[in-house]
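Here is what each chain is made of, one letter per residue.
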Amino acid sequence: MKKIELDIVGLSYSQTQSGAYALVLGEVNGRRRLPIIIGSFEAQAIAIEIEKMTPSRPLTHDLFKSFGQAFNINIQEIIIYNLVDGIFYAKLVCFDGKKTVEIDARTSDAIAVSVRFDCPIYTYEFILSTAGIVIEGNDFVYLENINETPEDKTATHSATGSYTTLSEEELKTKLQDALAEEAYEKAAKIRDELNKRKAS
């Protein structure tokens, strides 16, 4: 399966989940964005490394890097390989000079490790086409959620809440506003409501 490389393009406080953050990954040489909700500790760990700040004591992900380097283990890449019931699954691809080992990890932890090892982040087409948001020029394209089950549609309906009362045009306007403000988590919820209507 062909891998698609991603970059970190944004990290902002979640507007809907207290104590959570929206991490936005962007397709390298593409216009798709993949918003992922992560915890505050992992968001802090990612932000500290991106900003090149040095904490007074090593964070858990810094310890992981030091441990790996002490035993000549390098992280070659991170792969976000699955999406089940709104949860992303990731793995670290590690190499010690002799063999390659894949280690399962939470996506937020995997990305916090990736910024420390300066290794690439990848995903697959089916994940971007299911959970991504596409921007083409000044027009917004809504990706169909092809793997959505009737239960998922019910969950999406309850998660989007007030969006269910808006017209499709109002939703598109709100989606444009959310993307302009880089409020990707909000944009993802609006996209889910639009996808639900297209599927019905």
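Residues numbered from 1 in each chain as written. Predicted model: local features only at pLDDT ≥ 70, side-chain atom pairs only at ≥ 80, totals over all residues. Heavy atoms only, no water.

Per an unreviewed UniProt entry, the recorded name for the chain is BFN domain-containing protein, and the organism is Mucilaginibacter achroorhodeus.

**Observations concerning helix α3 (residues 107-117)**
Counting buried positions along α3 gives 10 out of 11 residues, so the element sits mostly inside the fold. Along α3, the residues that are buried comprise Thr107, Ser108, Ala110, Ile111, Ala112, Val113, Ser114, Val115, Arg116 and Phe117. (Buried < 20%, exposed > 50% of the residue type's maximum accessible area, 1.4 Å probe, protein only. Helix = DSSP H or I, 4+ residues; strand = E, 2+ residues; numbered from the N terminus.)

**Quick notes on helix α2 (residues 60-70)**
Of all the positions in α2, only His61, Asp62 and Gly68 are classed as buried. All buried residues of α2 fall inside an arc of 125° around its axis, so they share one side. For α2, the exposed residues lying more than 90 degrees away from the buried face are Thr60, Leu63, Phe67 and Ala70. Buried-residue contacts for α2 involve α1 (40-50) and α3. Within two residues after α2, Asn72 carries a phi angle of roughly 55°, on the positive side. (Arc of directions from axis to C-beta. Contact = heavy atoms within 4.5 Å.)

**Observations concerning the packing of aromatic side chains**
Scanning all chains against the criterion turns up 2 aromatic pairs. Judged by centre distance (5.1 Å) and plane angle (50°), the rings of Phe67 and Phe71 are tilted. Accessibility assignment for this pair places Phe67 and Phe71 in one class, exposed. Ring centres 6.4 Å apart and planes at 55° place the aromatic pair Tyr81 and Tyr89 in the tilted group. Look at Tyr89 and you get partly exposed, because its relative accessible area is 32%. Over the ring of Tyr122 we find Lys3, and its NZ or CZ is 4.7 Å from the ring centre. Across from the ring centre of Tyr81, 5.1 Å away, lies the NZ or CZ of Lys91, which sits over that ring. (Phe/Tyr/Trp six-rings, centres within 6.5 Å; stacked < 30°, edge-to-face > 60°. Lys NZ or Arg CZ within 6 Å of the ring centre and 35° of its normal.)

**Structural notes on the packing of α2 against α3**
Close contact between α2 and α3 brings their axes to 9 Å; oriented N to C, the two are set at 55°. With respect to each other, α2 and α3 are oriented oblique. Considering how the two elements wind past one another, α2 and α3 form a crossing that is right-handed. The segment α2 lies against α3, with His61, Asp62, Phe64, Lys65 and Gln69 engaging Asp109, Ala112, Val113, Arg116 and Phe117. A class-by-class count of the residues in the contact of α2 with α3 yields 4 nonpolar, 2 polar and 4 charged. (Axes fitted to C-alpha atoms, helices over the stretch in contact; angles between N-to-C directions. Parallel < 35°, antiparallel > 145°, perpendicular 65-115°, else oblique. Left-handed = near helix turned anticlockwise from the far one by under 90°. Nonpolar A, V, L, I, M, F, W, Y, C, P; charged D, E, K, R; others polar.)

**Points about the nonpolar core**
Core analysis: the largest hydrophobic core is formed by 30 residues, its most contacted members being Leu25, Leu34, Ile75, Ile80 and Leu92. Counting residues per element, the ones that place at least two in this core are β1 (3-13), β2 (20-27), β3 (32-39), α1, β4 (74-84), β5 (87-95), α3 and α4 (125-131). Element by element, the count of residues in this core is highest for α3, at 5 residues. The residues contacting Ile75, other than those within four sequence positions of it, are Phe64, Leu92, Val93, Cys94, Val113, Phe117 and Cys119. (Core = buried A, V, L, I, M, F, W, Y, C linked by side-chain atoms within 4.5 Å.)

**Considerations on the side chain of Glu42**
Relative to the helices and strands, Glu42 is located in helix α1. In this structure Glu42 touches Arg106, Ser108 and Asp109, once residues within four positions along its chain are discounted.

**A short note on the pairing of β1**
Pairing analysis gives 4 bridges linking β1 to strand β7 (residues 121-124), with the strands arranged antiparallel. If you follow Ile4 over to β7, its bridge partner there is Thr123. (Pairing = 2+ DSSP bridges.)

**Remarks on the pairing of β4**
Side chains on a regular strand alternate between the two faces of the sheet. When β4 meets β5, the two strands line up antiparallel, connected through 9 bridges. Bridge pairing links Ile78 to Leu92 in β5. Bridge count between β4 and β7: 3 bridges; the pairing is parallel. Its bridge partner lying in β7, Ile78 is registered against Ile121.

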